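Reading the structure
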Amino acid sequence: MFTSKADAFCAIANVGWKFLQPINNVLRAGVLPTPKWAPGPLLKAAQRRPTELGVPRKTSSLCPDCNREAAEAVLTGENEVADFRKQPGIIDSEILEEGGRILMRKVCDRHGPFEDVLSNHPDFFRRMERLAFGRDFECAHDHELHNHGPNSIRSGRGSFLIVDLTNRCNMMCSPCFMDANAASYVHELDMEDIKTIFDKAVSFKPQREVNVLFSGGEPTLSPIFLEAVRHAKSMGFHRLHVATNGVRFAESRDFVLQAREAGLHAVYLQCDGVSDEKNKHRGLGNYMEVKRQALENIAAAGMRTSLQVTVVNGLNNDGLGDIVRFAIENIDKIHGVLFQPVMFTGRDERISSDDRYAKRYPLSQLAYDLQEQGSTTWRPMRDWFPMSDYGIFAHLCDVLTPHAELGSLFPDTHPNHGMFSLLLVDTDQKVALPIPSFFNLEQFMRDIEEITDRGRRPAFTRALVRLSVLRNFDQKKAPLDFGLAQLRGLLNDCFYRVAGDSDDWSQKTYSYAGRWRVMTVNGLWFHDAFNYDFSAISSSSTPVATQQGEISFCSYNGGGWRKVIEHMNRTATLAEWHRSHPRHEIYAKGRNVDLARPIGGKVETSLVQIEAAPKPPSIAVS
C-alpha cells in the first residue's frame, strides 16, 4: 500500500523506466544537433576528451622559484614575454596517495624538492574524479585569445569571465592573492580596454552563457565601473556580477541602485566569518556592520548576494558552518556561498614551507568540516559533486533547445579543483537540508547522461526526464509540505538559471518567490605555484580577460602571468598616479567605515520592477 501519491508515482515511474529502457537501447541512437554557437555537433559521453585523472599519476607542474625568476626576468627586461610564454618554470611532478593523503611531489634540479597536500580524504577525492562529467568542446578560432603556451585554455567557454578593473583597493588584507596596495604601479583598465575585452569574448566558439565577474583590487574604485557594466549589458551579457569587499555598497544605497540600473545582476561579497574576530586579518574595524549594511542595500536594490569566503587553516576553518547558517537565515538576501581555500600568491608567494603546511586547506576538508560543524545534515560521500556535473544539466538544456543563440552555462572544471552541494531551504523556518537526502541526485544525473546520449526527439527526452524525476524522489524523506509540485517548481527555476538568455533574464531569475529555495554551496580550489597542475589548466572555468587575451585564473595569479601583464600594461607609477589623482581611503589597522557619511549628491534612481513569477523555461520538466 502506498503511503502517498508521490510513492505511487515513484513506483509507476520505476516501472515505466524499466519498460522503456530496453526499447530505448534497442533503437539506434540519434544524432545530436549542431547549434550555431558550437564548433560541431553536441558531444556524447564517448566523444568528450577525457580529463586526466587517477592516483598515482604523473603530470607537469611549476617550480615556484623558477616561475618567479622567469616572471621577474620579463619585468627587468632580461627576457621577452615570448620566453615566459614558452618556459614559465615547468617541472615534472607526481600525484600519489600516502599516509591517508593525496600529495603532489616534485623536484627541481636547481631548487630542490617541493611537496603539497591535495586532499586528506582519498575516498572523497576519488569520488569527485569518478563522478566528473568531462570536458566541453575544444575551442575554435581562438588562437590570439588563448595564446599563452602551456598555460593556454584549450576547451570550454568558462563559467566566470573575470575582468580585473583595477589593482587599487580600499583595504589592506592578508592574505591577498594579488598583493593589492603593495605594487609600485597602478594597473587600471579604461573603456577602450573594456570594449576590446568584450569584443574578443564573443569572437570564438563555443559561445555559451557566462557569468561576468568584475573584480580587482576593489572594482568599485574604478572610475569606469558603472560604464563597464553598462557596456557588457549592451553586448548581450546578462549575468553581470561584482566581487567586492562591500564598502561602497554599504556606504551608499544610491551607488547600489546605480549599479543595478547599469545592469548588475548580483554581488559576490567577501566574508570570511560571521564575527569581527573571524575577520581581523582584513583590518576593517566594523567589518560585520559593513557587511550587514551592504547586504541590506543590495537586497533593497533588487539583487542578491553570494558570500565569498577565503578559507585559511587555523584562521577561520572552524567557523564555516556558522557562515552557512548565516546564509540560510538570510536566504531572502543571500543566494549561495563560495568557499575558496587560500592560494599562496601575491602577498604570500614567498611563504615559508612551515607556514604553508600549517595554513594549507585542502578542498576535500570543506565537506567534512561542514558536516562536523552541523550547519545542516551533510554527508560528504552523498551530498557533494564535482563542479563539472553542472554541465550535465547544461548539456540537457542544449539538447532540448538546439536553436538557442548561446549554449547553456557549462563549468569546465577539473574534479580535483571544484565541487558543489545543493541545499533545500525552507524560507519560513530558515532551516535547510541537502537535496540528496530525499532526491537521488547522483542517479538523476546518470539518467540524464544516458537520456541525452540516446539523441531522441525533444518530446521523448522530456518524457524520460520526467520519469527520472519521479523515480528518484523519496517524499517520505522530504520535508513536510514538500511534494512533487514543489520539486517541479524548483527544477524549472534551476534550469532557467543555466539556460535563460533573454534581456530580462536577471529580473526573472529573482522572481521565483516560493517557500522552498535552492541554495548552492560551492568550493573552488585555485592552484598556486606549489600545487600547480597543468592537466587542469587547459579547461579553466574561470578565465581572466586581459589586454593579452583570456587566461585561466590559476595561470594569471598562481602561474605568474599577472605580474607580466600588469607590468606590460601599467597605467602609471604610483608616484605619477598620486600627482594627478586624489588618494583613496584605505581601511586598515582597525579603522572603521563611517556608514553615516553621505557619498556624493543625491542620485535620481528608481527601483527595478520585478515580476511576481518567472516565465516557465522551454525545457520545463513539469
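Residues numbered from 1 in each chain as written. Predicted model: local features only at pLDDT ≥ 70, side-chain atom pairs only at ≥ 80, totals over all residues. Heavy atoms only, no water.

Comments concerning helix α8 (residues 253-262)
A large share of α8 lies buried, amounting to 7 of its 10 residues. Every buried residue belonging to α8 is among D254, F255, V256, L257, A259, R260 and A262, and all of these are buried. If you follow the buried residues of α8, they end up packed against α6 (225-234), α7 (247-251), α9 (287-300) and α18 (505-509). Two or three places before D254, at the opening of α8, S252 has a side-chain oxygen 3.4 Å from that residue's backbone nitrogen. Just past α8, the residue G263 takes up positive phi, approximately 125°. (Buried < 20%, exposed > 50% of the residue type's maximum accessible area, 1.4 Å probe, protein only. Helix = DSSP H or I, 4+ residues; strand = E, 2+ residues; numbered from the N terminus. Contact = heavy atoms within 4.5 Å. Polar contact = N/O pair within 3.5 Å; in protein donor to acceptor, adjacent residues only side chain to side chain.)

Some words on the confidence of the model for the protein
Scored by pLDDT, the protein comes out at a mean of 90, with 94% of its residues at no less than 70. The low-confidence segment residues 597-622, where pLDDT is below 50, has 56 contacts with residues more than four positions distant or belonging to other chains. (pLDDT = per-residue confidence, 0-100.)

Regarding the nonpolar core
Judged by nonpolar contacts, the single largest core of 90 residues is most densely connected at F198, F214, F339 and W384. Residues in contact with F339, not counting those within four places in the same chain, are V309, V311, L320, I323, V324, L366, L370, V521, N522, G523 and L524. Listed in part, the 69 residues of the second largest apolar core include F393, F444, L491 and V544. (Core = buried A, V, L, I, M, F, W, Y, C linked by side-chain atoms within 4.5 Å.)

Describing the pairing of strand β13 (residues 418-426)
Most of β13 is tucked away, with 9 of its 9 residues classed as buried. Across the two faces of β13 the burial is the same, with G418, F420, L422, L424 and D426 and M419, S421, L423 and V425 all buried. Inspection of the sheet shows strand β12 (residues 385-386) paired to β13 by 2 bridges, in the antiparallel sense. Bridge pairing links P386 to M419 in β13. Note: β13 against strand β15 (residues 516-524), 9 bridges, orientation antiparallel. (Pairing = 2+ DSSP bridges.)

Re the pattern of salt bridges
It is possible for side chains bearing opposite charge to pair when their charged atoms get close. Tallying each qualifying case throughout the model produces 37 salt bridges. The closest approach of N and O atoms between R350 and E72, which form a salt bridge, is 3.3 Å. Taken together, the residues R350 in the loop between β11 (334-341) and α11 (353-359) and E72 in helix α2 (residues 64-75) connect sequence positions 278 residues apart. By relative accessible area, R350 is classed as exposed at 59%. The shortest N-O distance in the salt bridge between R208 and D136 comes to 2.7 Å. One end of the pair, R208, is in the loop between α5 (191-201) and β7 (211-215); the other, D136, is in the loop between α4 (122-131) and β5 (160-164), and 72 residues separate them in sequence. (Salt bridge = Lys/Arg side-chain N within 4 Å of Asp/Glu carboxyl O.)

With respect to the packing of aromatic side chains
For the coordinates displayed, the defined rule picks out 22 aromatic pairs. When the ring of F133 is compared with that of F410, the centres are 5.9 Å apart and the planes differ by 40°; the resulting orientation is tilted. With F133 in the loop between α4 and β5 and F410 in the loop between α14 (390-400) and β13, this pair connects stretches of sequence that are 277 residues apart. On the basis of relative accessible area, F410 is assigned to the buried category, the value being 0%. On the numbers, 5.2 Å between centres and 55° between planes, the contact of F198 with F237 is tilted. Of this pair, F198 sits in helix α5 while F237 sits in the loop between α6 and β8 (240-244), and the two are 39 residues apart along the sequence. Grouping residues by exposure puts F198 and F237 together as buried. Across from the ring centre of F385, 5.0 Å away, lies the NZ or CZ of R127, which sits over that ring. Positioned above the aromatic ring of F255 is the side chain of R248, whose terminal nitrogen or guanidinium carbon lies 4.0 Å from the ring centre. (Phe/Tyr/Trp six-rings, centres within 6.5 Å; stacked < 30°, edge-to-face > 60°. Lys NZ or Arg CZ within 6 Å of the ring centre and 35° of its normal.)

Description of the packing of α5 against α6
Where α5 meets α6, the axes come as close as 10 Å, and the angle between the chain directions of the two elements is 25°. By the angle class used here, α5 and α6 are roughly parallel. With respect to the hand of their crossing, α5 and α6 are arranged in right-handed fashion. Across the interface between the two elements, M191, I194, K195 and F198 from α5 touch E227, A228, H231 and A232 from α6. (Axes fitted to C-alpha atoms, helices over the stretch in contact; angles between N-to-C directions. Parallel < 35°, antiparallel > 145°, perpendicular 65-115°, else oblique. Left-handed = near helix turned anticlockwise from the far one by under 90°.)

Details of the pairing of strand β10 (residues 304-311)
Among the 8 residues that make up β10, 8 are buried, leaving the element largely enclosed by the rest of the structure. Side chains R304, S306, Q308 and T310 project from β10 onto one buried face, and the interleaved T305, L307, V309 and V311 project onto a second face that is buried too. Where strand β9 (residues 266-270) lies against β10, 5 bridges are found, and the strand directions are parallel. Looking at β10, one finds that Y268 is bridged to S306. Regarding topology, α9 serves as the crossover connection from β9 to the parallel β10, and that connection is right-handed. Pairing of β10 with β11, which is carried by 7 bridges, proceeds in the parallel orientation. Looking at the pairing, Q308 lines up with L338 of β11. In terms of handedness, the path from β10 via helix α10 (residues 320-329) over to β11 forms a crossover that is right-handed. (Right-handed = clockwise from strand over helix to strand, strands pointing away.)

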